[in-house]
Amino acid sequence: MRSLLIRIFVSFWSIIVITIIAAAAIGFWYAERTRTTIENFEVSDAVLEASSALRENGREGLTEWLRLLPGAAESLVYVVDDQGKDLLGRRLPSIVKIPVRRMGEMRRRPPPAKHDSRYIRPARPFTQLVGPDDRVYTMFVLPPRNITTRWLVDKGRGGLVLLALLVSAMVSYLLARTISRPIRRFRESANAIASGNLDTRVAESVGKRRDEIGLLAQDFDHMTDELQRAWMQQTELTRNVSHELRSPLARLRVALELARRKTGDLAELDRIDTETERLDELIGRILEYSRLEADSHEQRSNIILDEMLHSVVEDVRYEYGYQGDKASIELEIDTECTIDGYPNALRSCIENVVRNAVQHSRDDGDVRVRLGVEQSQAVVTVEDQGGGVPDHELDRIFEPFYRSRARQAEVSRPSGGLGLAIASRATTLNGGTITASNTANGLSVEIRLPIRKRY
Amino acid sequence: MMPPMPDSKILIIDDDRELGEMLKEFLAPDHLDVSARLNGEDGLQALQDETWDLLILDIMLPGMNGIEVLKQIRQDSDIPVIMLTARGDDVDRILGLEFGADDYLSKPFNPRELLARIKAIMRRSRSDEKRGKALTVGSLELDVGSRRVSAGGKSIRLTGTEFELLRCLAESPGKVVPKEQLTQQVLGRRHMPYDRSIDTHVSNVRGKLSSAGVDNPSIRSRRGVGYLLLLDVEERR
């Protein structure tokens, strides 16, 4: 039974067949038992006894016989007079009430014309006795009410039913599990792939099956293979392009210096130099970004976050102070904090966010960098005074080469297009999250990193 | 004025033939005689056949990559090596410095910067020859003339840059030498932001000292400032 279809079909079918047979058997037995009970009673001496009791002692005799009848206590036998009353004055069960009412109605009708119906009595499905006073007594014999319960208790039939229940439940459960368990695997894998782990495969656990699910697992893994290949190809391409672009750039710069020697310093040559440098910086950032996309080859290690922030801020201060920018950077360390992560990626992340803030701050605006700890997360907040971005663009600033229109005018440096994208990637790589929000007069970028000590 | 010197011989290992030729032209006026090899194997052969004053080594080489070439060179030579790395490729850069490169430049580099670094390294190796004094700090002995370091008679092999770094620290034991000063003296250039070269060199020297069993003096760092060579006075004997 390799095919899932056959498996489902056979399992369900067998359960249904068993149920049908069981139901039919119970129904048949019940009907048979009822019929024989009534028939037995009719032909039994009981009817003859009742009739003679009535003949000899009239209504009282019949009542006496009924009281002494063993079945009377269980309300199995009712004897109803022509007034619709039980001889023992018991309440009639509904199954008896209805025919009694019908008979009452028939009596109230005008009697049929004598000539053709004198000896004809309408057929009655119940035993009727006619007393010496010509009164009619009707006997109702009911099957025992707890017949099913009795049948179950009889001869260990209950155990059989219980067993049937257990077996069918087990079969159903196993069937359900063969379907649901691989589906859970698929879900786990799909989630892992969505969160960037393209090494995930399902075939190891599911692929041994030869049914449709096993085939699906193979197809799923094939899809992941293709996805991974395309991904690697793309990052490899980006890297190669970056490297290939560098060779002509390197030659260009040497040629530029040779030209300078021959023609002397020209403003145009300086310009070419500057643009070459910008191009180079941009290529560097693309390379950095694609490296982070591909996978870090770095070793995880303990990172003293406050120390790293000190050194990044120092570097950025140095870089921008050197270039005559007026913005200053404030650093607030609420608490010292060590996390486990990829140091170069994290450094690059913080560096890019701080540089971005400095680039966007107005000339006299300050940049504030703060480190705090909330629950089990290290929180690095970088605030600038650059006027922020429109709210609906807040998520998009982490996309590569995304530039807010509001901010675009102020950006003159080429790294602007990738800085936050690099930061975002590096944060994810370190298991953290990065979000942006607007403050009163600027943008606030918050990096949250899990504090996980290495053991 | 310096006396006229014979041309220094510089080997470039880089697969970009045109770049090599342009550099040859660019460096010639400064008495630097440049030869180029296009791959690691040829480069290693050239290093064996002739003596060179300095090597410029590209990390991205076809076949045997620059790091492997560097590893082989460092097995028996302490020729000054300037590495060319791709910018943004921190891993290659750090790896290169760890395997004993003296300095690095990211490609595409400013050729004037390359010239400045070559000169800095040349100047250093020349000036060393004139001063022949010996320095002793704890169990560490530095012979500045022959650029040799030994501890208890056992010699420790350092590259030119590593030796220079240790010498800078050894000249004023117990005093913090700022990173800026170390960069200036050891690498002959200004300390730049995001530059971890000195830190990598320090960690190399530390590693070599500790594997030679030298634990007194030890190189300590002062966060955000620099490094010092600390001599533990209460040394247990």
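A short tour of the structure in this document, coming up. (Residues numbered from 1 in each chain as written. Chains lettered and ligands numbered in written order. Predicted model: local features only at pLDDT ≥ 70, side-chain atom pairs only at ≥ 80, totals over all residues.)

### Examining the overall build of chain B
Moving on, step 1. Secondary structure summary: chain B contains 8 helices and 12 strands in total.
Moving on, step 2. The proportion of buried residues among the 237 residues of chain B is 40%.
Moving on, step 3. Summarising the internal contacts of chain B: among those between residues at least 6 apart in sequence, 58% fall at separations of at least 24. (Helix = DSSP H or I, 4+ residues; strand = E, 2+ residues; numbered from the N terminus. Buried ≥ 20, exposed ≤ 12 C-beta atoms within 10 Å, placed from the backbone. Contact = placed C-beta atoms within 7 Å.)

### Focus: helix α13 (residues 419-429) of chain A
Moving on, step 1. Of all 11 residues in α13(A), 9 are buried; the element is thus mostly enclosed.
Moving on, step 2. The positive-phi residue at the C-terminal boundary of α13(A) is A:Gly431, with phi of around 75°.

### Points about the sheet that holds strand β6 (residues 134-137) of chain B
Two modes of strand pairing occur in sheets, parallel and antiparallel, and in both the strands are linked by backbone hydrogen bonds.
All names here are of chain B.
Moving on, step 1. Taken together, 4 strands build an open sheet; the order of strands is β6-β7-β8-β9 and the sheet is antiparallel. In this open sheet, the two strands that pair with only one neighbour each are β6 and β9 (154-156). Across the sheet, the mean angle separating the axes of adjacent strands is 25° when strand polarity is ignored.
Moving on, step 2. Relative to strand β8 (residues 148-151), strand β7 (residues 140-143) is paired through 4 bridges, and the arrangement is antiparallel. Counterpart to Leu-140 in the pairing with β8 is Ala-151. (Pairing = 2+ DSSP bridges. Axes fitted to C-alpha atoms, helices over the stretch in contact; angles between N-to-C directions.)

### Let's talk about the environment of A:Ile183
Residues and elements named next belong to chain A.
Moving on, step 1. Relative to the helices and strands, Ile-183 is located in helix α6 (residues 157-194).
Moving on, step 2. You can call Ile-183 exposed: it has 12 C-beta atoms within 10 Å.
Moving on, step 3. In this structure, the C-alpha to C-alpha distance between Ile-183 and Val-206, residues 23 residues apart in sequence, is 9.5 Å.

### Some words on unusual backbone geometry
Moving on, step 1. The residue after B:Lys107, namely B:Pro108, is reached through a cis peptide bond having omega 5°.
Moving on, step 2. Tracing the backbone shows B:Pro108 in the loop between β5 (103-107) and α5 (111-130).
Moving on, step 3. In this structure, A:Gln375 is a non-glycine residue whose phi angle is positive, near 50°.
Moving on, step 4. Position of A:Gln375 relative to the elements: it lies in the loop between β7 (366-374) and β8 (377-383).
Moving on, step 5. For B:His31, which is not glycine, the phi dihedral falls at a positive 60°.

### Focus on helix α6 (residues 160-171) of chain B
Moving on, step 1. An ideal rise of 1.5 Å per residue puts 16 Å on 12 residues; α6(B) measures up with 16 Å between its terminal C-alpha atoms.
Moving on, step 2. Burial runs high along α6(B): 9 of the 12 residues are buried. (Expected span 1.5 Å × (residues − 1).)

### What to know about the packing of helix α11 (residues 343-360) of chain A against α13(A)
Residue and element names in this part refer to chain A.
Moving on, step 1. In contact at an axis separation of 8 Å, α11 and α13 are set at 145° when each is read in the N-to-C sense. The handedness of the crossing between α11 and α13 is left-handed. Listed contacts from α13 to Ala-345, Leu-346, Ser-348, Cys-349, Asn-352, Val-353, Arg-355 and Asn-356 of α11 are Gly-419, Leu-420, Ile-422, Ala-423, Ala-426, Thr-427 and Leu-429.
Moving on, step 2. A class-by-class count of the residues in the contact of α11 with α13 yields 9 nonpolar, 5 polar and 1 charged. (Left-handed = near helix turned anticlockwise from the far one by under 90°. Nonpolar A, V, L, I, M, F, W, Y, C, P; charged D, E, K, R; others polar.)

### A short note on the interface of chain A and chain B
Moving on, step 1. Contacts between the two partners involve 25 residues from chain A and, on the opposite side, 24 residues from chain B.
Moving on, step 2. With 11 residues, helix α8 (residues 212-263) of chain A is the single largest residue contributor to the side of chain A that touches chain B.
Moving on, step 3. Here the residues of the side of chain A that touches chain B are counted per class, giving 7 nonpolar, 7 polar and 11 charged.

### Quick look at the nonpolar core
Moving on, step 1. Of all hydrophobic cores here, the largest spans 45 residues; its most connected members are A:Cys349, A:Ile350, A:Val353, A:Val354, A:Val382 and A:Ile422.
Moving on, step 2. For this core, the elements supplying multiple residues, two or more each, are α9 (267-294), α10 (305-322), α11, β7, β8, α13, β9 (433-438) and β10 (443-450) of chain A.
Moving on, step 3. The element that contributes the greatest number of residues to this core is α11(A), accounting for 8 residues.
Moving on, step 4. Taken together, domain 2 (198-295) and domain 3 (301-450) of chain A each give at least three residues to this core, which thus spans both.
Moving on, step 5. When near neighbours in sequence (up to four residues on either side) are disregarded, A:Ile350 contacts A:Met308, A:Leu309, A:Val312 and A:Val380.
Moving on, step 6. In terms of nonpolar packing, the next biggest core, distinct from the first, is built from 38 residues, B:Ile13, B:Met22, B:Ile73 and B:Leu95 among them. (Core = buried A, V, L, I, M, F, W, Y, C linked by C-beta atoms within 7 Å. Domains from an automatic or database assignment.)

### Here's the deal with the packing of α6(B) against helix α8 (residues 197-211) of chain B
All names here are of chain B.
Moving on, step 1. Orientation of α6 relative to α8, taken along the N-to-C sense of each, is 85°, at an axis distance of 10 Å. Taken together, the axes of α6 and α8 lie roughly perpendicular to each other. Residue-level contacts link Thr-161, Glu-162, Leu-165 and Leu-166 of α6 to His-201, Val-202, Asn-204 and Val-205 of α8.
Moving on, step 2. Taken together, the residues of the contact of α6 with α8 sort by class into 4 nonpolar, 3 polar and 1 charged. (Parallel < 35°, antiparallel > 145°, perpendicular 65-115°, else oblique.)

### Considering the environment of A:Ser437
All names here are of chain A.
Moving on, step 1. Tracing the backbone through its elements, the reader meets Ser-437 in strand β9.
Moving on, step 2. Look at Ser-437 and you get partly exposed, because 14 C-beta atoms sit within 10 Å.
Moving on, step 3. Measuring from C-alpha to C-alpha, the distance between Ser-437 and Pro-390 comes to 9.7 Å, with 47 residues separating the pair along the chain.

### Some points on the sheet that holds β7(A)
Residues and elements named next belong to chain A.
Moving on, step 1. Ordered by their spatial adjacency, 5 strands build an open sheet running β5-β7-β8-β10-β9, and the pairing between neighbours is mixed. At either margin of the open sheet sits one strand with a lone partner, and together these are β5 (328-333) and β9. Within this sheet the neighbouring strands show an average axis-to-axis angle of 15°, counted without direction.
Moving on, step 2. Bridge analysis of β7 against β8 gives 7 bridges, and the strand direction is antiparallel. From the neighbouring strand, Gly-372 faces β8, where its bridge partner is Val-379.

### Looking at the pairing of β10(A)
Residues and elements named next belong to chain A.
Moving on, step 1. Going residue by residue along β10, you find Leu-443, Val-445, Ile-447 and Leu-449 tucked away on one face and Ser-444, Glu-446, Arg-448 and Pro-450 left uncovered on the opposite face.
Moving on, step 2. Alignment of β8 against β10, held across 7 bridges, turns out to be antiparallel. Bridged to Val-382 within β10 is Val-445.
Moving on, step 3. Relative to β10, β9 runs antiparallel, the two being bridged by 6 bridges. Counted as the bridge partner of Asn-438 is Leu-443 from β10.
Moving on, step 4. The hairpin formed by β9 and β10 contains 4 residues between the paired strands.

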